[in-house]
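# Working through the structure, step by step
Each chain, letter by letter, is given below.
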Amino acid sequence: MTQDLKQSLTTLILNHDDLQGVALQEKLVALLDSNIPYYNWSGFYFMNNEKRQLEIGPYAGAKTDHITIPFGKGICGQVAESGISFEVPDVEQQDNYLACSIDTKSEIVVPMFLGERLIGQIDIDSHSVDPFTAEDHELLSWIAAFVAQRL
Ligand code: SME
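Quick summary incoming for the structure in this document. From a predicted model like this one, the values you see are computed outputs, not experimental measurements.

It is worth spelling out helix α4 (residues 134-149) at this point. In this model α4 runs 23 Å from its N-terminal to its C-terminal C-alpha over 16 residues, within 8% of the 22 Å that 1.5 Å per residue would give. Buried within α4 are the following residues: D136, L139, L140, I143, A144, F146, V147 and A148.

Below, the discussion takes up empty space enclosed by the protein. Within this structure, the stated rule accounts for one cavity of 30 Å³ or more. Quantified by volume, the largest cavity comes out at close to 80 Å³. What lines the largest cavity is Y45, H66, I69, G74, I75, C76, Y97, L98, C100, E107, D123 and D125. Considered class by class, the residues forming the lining of the largest cavity number seven nonpolar, two polar and three charged.

Around the ligand lies a shell of 13 residues, among which C76, L98, C100, E107 and D125 are the nearest. Take L98: an N or O atom from its main chain is 2.7 Å from a nitrogen atom of the ligand. Within the complex, 100% of the 310 Å² of free accessible area of the ligand lies under protein. A per-class count over the shell around the ligand returns eight nonpolar, two polar and three charged.

Turning next to the sheet that holds strand β5 (residues 106-114). The six strands are arranged β3-β2-β1-β6-β5-β4 in an open sheet whose pairing can be described as antiparallel. With partners counted over all chains shown, the strands left at the sheet margins are β3 (68-70) and β4 (86-88), one partner each. Neighbour-to-neighbour, the strand axes of the sheet open up by a mean angle of 25 degrees, direction not taken into account. The strands touched by helix α2 (residues 21-35) are β1 (41-48), β2 (53-60) and β6 (117-126); relative to β2, the strand with the most contacts, the crossing angle is about 60 degrees.

A few words on the environment of P111. Structurally, P111 can be placed in strand β5. Exposure remark for P111: the relative accessible area of 12% places this residue in the buried category. Here the alpha-carbon distance between P111 and S85, two residues 26 residues apart in the chain, equals 5.9 Å. Filtering out sequence-adjacent residues up to four positions away, P111 remains in contact with V79, G83, I84, S85, L118, G120, Q121 and A144.

Attention shifts here to the pattern of salt bridges. A full pass over the atoms with the stated rule returns one salt bridge. Residues E81 and R52 are paired through a salt bridge, measuring 3.2 Å at the closest nitrogen-oxygen approach. Separated by 29 residues along the polypeptide, E81 in helix α3 (residues 74-82) and R52 in the loop between β1 and β2 bring together distant segments of the chain.

One finds L32, Y39, I124, L139, L140 and I143 to be the most contacted residues of the largest nonpolar core, which totals 29 residues. Of all the elements, α4 adds the most residues to this core, at seven residues. When neighbours within four sequence positions are excluded, Y39 is seen to be in contact with L32, D33, I124, D125, F132, D136, L139 and L140. One finds M47, I69, C76 and V79 within the second-largest nonpolar core, a separate group that totals 15 residues.

The next thing to look at is the side chain of S126. Along the chain, S126 falls in strand β6. Taking relative accessible area as the criterion, S126 reaches 0% and is therefore assigned buried. In terms of polar contacts, S126 uses its side chain to reach the backbone carbonyl oxygen of Y38, at 2.7 Å. Within the structure, S126 has its side chain in polar contact with the backbone nitrogen of S128 (distance 3.0 Å). Once residues lying within four places of it in the same chain are set aside, the contact partners of S126 are Y38, N40, D103, T104, K105, S106, P131 and F132.

Quick notes on the rules
- Residues numbered from 1 in each chain as written.
- Predicted model: local features only at pLDDT ≥ 70, side-chain atom pairs only at ≥ 80, totals over all residues.
- Heavy atoms only, no water.
- Helix = DSSP H or I, 4+ residues; strand = E, 2+ residues; numbered from the N terminus.
- Expected span 1.5 Å × (residues − 1).
- Buried < 20%, exposed > 50% of the residue type's maximum accessible area, 1.4 Å probe, protein only.
- 1 Å grid on protein atoms, 1.4 Å probe; cavity = no way out; pocket = protein on both sides within 12 Å on 5 of 7 lines; lining within 4 Å.
- Points joined across faces, edges and corners; volume = space filled by probe spheres on them.
- Nonpolar A, V, L, I, M, F, W, Y, C, P; charged D, E, K, R; others polar.
- Near = heavy atom within 4 Å.
- Polar contact = N/O pair within 3.5 Å; in protein donor to acceptor, adjacent residues only side chain to side chain.
- Areas by Shrake-Rupley, 256 points an atom, 1.4 Å probe, with all protein chains shown as cover.
- Pairing = 2+ DSSP bridges.
- Axes fitted to C-alpha atoms, helices over the stretch in contact; angles between N-to-C directions.
- Contact = heavy atoms within 4.5 Å.
- Salt bridge = Lys/Arg side-chain N within 4 Å of Asp/Glu carboxyl O.
- Core = buried A, V, L, I, M, F, W, Y, C linked by side-chain atoms within 4.5 Å.

These results come straight from atomic positions and should not be treated as a statement about function.
Structure (structure tokens):
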């Protein structure tokens, strides 16, 4: 499925060569949300290094209170400090976690780099326990790299 999705994302992007920035990010989260049943909240956060906080970008899913997240707080804030992908198969096992919805059972956060610079991340919440595989890591890293080139 991920391979098919990658294909449709590539087609979408080729058909919309002009798509970039927020419009591209909106399209991508909508595609992820509608094509992958276990992606129940899909969104972007961007780094504000001056304020040492993440700021929310386009997302698909339930409205969240976490519009900004201080570096170090929650799964997202930890990735803002480490710059390393963080998969949490079961959020109940994670102390440093910010709940968005009681339905969320697992989460994956993949950093986004522009060259060497950490600029943001993709955050996926799932209502399933331990749903993510190497394919999800690969797909999300691919999207992160793509979006970074078209800010
Ligand atoms: N659960 C995240 C907060 C962001 S929401 O999932 C959209 C965290 O622990 O950082």
